[in-house]
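# Survey of secondary and tertiary structure
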Amino acid sequence: MKNPTSVFFLILFFFFTSCSNKDNSTANIETSKKSAKRELIKESGYSLWLEIGILEDGVPVLTADKNSLIEAVNKNHLEESGIGPILENVSIDEIENSFYLTFLGPEVKVSFYVQKRSNNTLLAASGTSCKTTACSQEHRGCIPSYPNNPAGEAGIGICTPCANGGDCSKTVSGISLLE
């Protein structure tokens, strides 16, 4: 019979080697799952987009709950900027061949860019908004614009100026301002 000490160390070595390989393979699987998830979000381009409506015969129809949207934007703008707009209405507007989710209050307007997908669903870029009290009645004033960048990309783009020269502010968030 072989030396019992050698057999013991051989079994012990085999045991540690097996456990070690198992842990590494599990870690590799988890890492590859995380990488695939990040790539999917990056490739889709819709990580901070929220489905809010549909185009029916070329007309935008809001399918999201209006009250929930208004409540969320009021709450999130208060948290982000310390200034809480008092919004009362929401609609999807078409301005110069682009769509916008527009919130209106007595003296304030908050706008989000909206993109149409191939299946006619409408998605709002929910991480970036434009807000004004100076030109809240202007149709084209203080809306998100992406002249040289991918439309709706969070943090990129500008807010169009108010025609009357009034203030327009851009809010950028890493979370959805619509939820």
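Owing to the predicted nature of the structure, the values given are computational and were not obtained by experimental measurement.

## Some points on the state of the cysteines
Tallying each qualifying case throughout the model produces three disulfides. Two residues, cysteine 130 and cysteine 159, share a disulfide whose sulfurs are 2.0 Å apart. Around the S-S axis, the bridge from cysteine 130 to cysteine 159 shows a dihedral of about -90 degrees and counts as left-handed. Of the two residues, cysteine 130 sits in strand 7 (residues 128-132) while cysteine 159 sits in strand 9 (residues 158-159), which places them 29 residues apart along the sequence. Here cysteine 130 matches cysteine 159 in class, with each residue buried. Each sulfur in the disulfide pair cysteine 142 and cysteine 168 lies 2.0 Å from the other. Handedness here is read from the sign of the S-S torsion; for cysteine 142 and cysteine 168, about 80 degrees, the answer is right-handed. Of this pair, cysteine 142 sits in the loop between strand 7 and strand 8 (144-145) while cysteine 168 sits in the loop between strand 9 and strand 10 (169-172); the two residues are 26 residues apart in sequence, bridging distant segments of the chain.

## Here's the deal with the pairing of strand 3 (residues 89-95)
Note: strand 3 against strand 4 (residues 98-104), seven bridges, orientation antiparallel. If you follow isoleucine 95 over to strand 4, its bridge partner there is serine 98. Counting the residues that bridge the hairpin from strand 3 to strand 4 gives two residues, and of these glutamate 96 lies at a positive phi of roughly 50 degrees.

## Quick word on the pairing of strand 6 (residues 121-125)
The buried count for strand 6 comes to five of five residues, which makes it a mostly enclosed element. Side-chain alternation along strand 6 places Thr121, Leu123 and Ala125 on one buried face and Leu122 and Ala124 on a second face that is also buried. With five bridges connecting them, strand 1 (residues 49-56) and strand 6 associate as antiparallel partners. When the bridges of strand 6 are listed, leucine 50 appears paired with alanine 124. Where strand 5 (residues 109-116) and strand 6 come together, three bridges link them in antiparallel fashion. Paired with lysine 116 across the two strands is leucine 122, which belongs to strand 6. Hairpin connection from strand 5 to strand 6: four residues lie between these consecutive antiparallel strands, with asparagine 120 at a positive phi of about 70 degrees.

Parameters at a glance
Residues numbered from 1 in each chain as written. Predicted model: local features only at pLDDT ≥ 70, side-chain atom pairs only at ≥ 80, totals over all residues. Heavy atoms only, no water. Disulfide = S-S within 2.5 Å. Helix = DSSP H or I, 4+ residues; strand = E, 2+ residues; numbered from the N terminus. Buried < 20%, exposed > 50% of the residue type's maximum accessible area, 1.4 Å probe, protein only. Pairing = 2+ DSSP bridges.

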